[in-house]
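Below are the chains, spelled out letter by letter.
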Amino acid sequence: MSDDEHHFDHKADAGASKTYPQQAGTIRKNAYIVIKQRPCKVVEVSTSKTGKHGHAKCHFVGIDIFTGKKLEDIVPSSHNCDVPEVVRTDYQLIDISEDGFVSLLTDSGDTKDDLRLPTDDSLLSQIKDGFGEGKDLVVTVMSAMGEEQICALKDIGPKN
């Protein structure tokens, strides 16, 4: 048996950095949680008392951080829930293409060209207006579970 017969592409990903477990009873309002395979921000938590057969239950109401949809879940408080690893990164806006993609400058000096303009109308118009006026704009990109989206905008002054 030669080594080339057992060649594997190393594209497998354990997904270790996407979520981590946390006990349901310790998750509070404004924390993040995975509901129905979507990263959500918890807007409401209520805990029921232990019933005849044991577990207290936690009722979570969350808003999907990318789509804005409301999702609910009920979990025994002693069980673990998945908590998404949510990262916010600031990038300087370089360009907006006609097809709705943005060109961003990373800290290392590279460009990032794989992000679309946000679907939120007020944020979208702020970005387009500010860019049209020639302002230097810094966008905040939120990423969780392999998804990324522009979620905020800062004006750092006019271009020189």
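Refer to the structure printed above.
Residues numbered from 1 in each chain as written. Predicted model: local features only at pLDDT ≥ 70, side-chain atom pairs only at ≥ 80, totals over all residues. Heavy atoms only, no water.

(A) The arrangement of unusual backbone geometry in detail. Despite not being glycine, Gln37 has its phi angle at roughly 60 degrees, a positive value. Its place among the elements puts Gln37 in the loop between β2 (32–35) and β3 (38–47). Taking the relative accessible area as the measure of exposure, Gln37 reaches 65% and is therefore exposed. With a phi close to 55 degrees, Met145 is a non-glycine residue in the positive phi region. In this structure, Met145 sits in the loop between β10 (135–144) and β11 (147–158). For Met145, a relative accessible area of 23% corresponds to the partly exposed category. (Helix = DSSP H or I, 4+ residues; strand = E, 2+ residues; numbered from the N terminus. Buried < 20%, exposed > 50% of the residue type's maximum accessible area, 1.4 Å probe, protein only.)

(B) Representation of the side chain of Gln149. Tracing the chain through its elements places Gln149 in strand β11. In contact with Gln149, other than residues within four places in its own chain, are Ile65, Phe66, Leu115, Thr119, Thr140, Val141 and Met142. (Contact = heavy atoms within 4.5 Å.)

(C) Layout of helix α1 (residues 121–132). For α1, which comprises twelve residues, the first-to-last C-alpha distance of 16 Å matches the rise-based estimate of 16 Å (1.5 Å per residue) to within 8%. Every buried residue belonging to α1 is among Leu123, Ile127 and Gly130, and all of these are buried. Angular distribution of buried residues about the axis of α1 spans 75 degrees; they occupy a single face of the element. Turned more than 90 degrees away from the buried face of α1 sit Asp121 and Gly132, all of them exposed. Just beyond α1, the residue with positive phi is Gly134, at close to 80 degrees. (Expected span 1.5 Å × (residues − 1). Arc of directions from axis to C-beta.)

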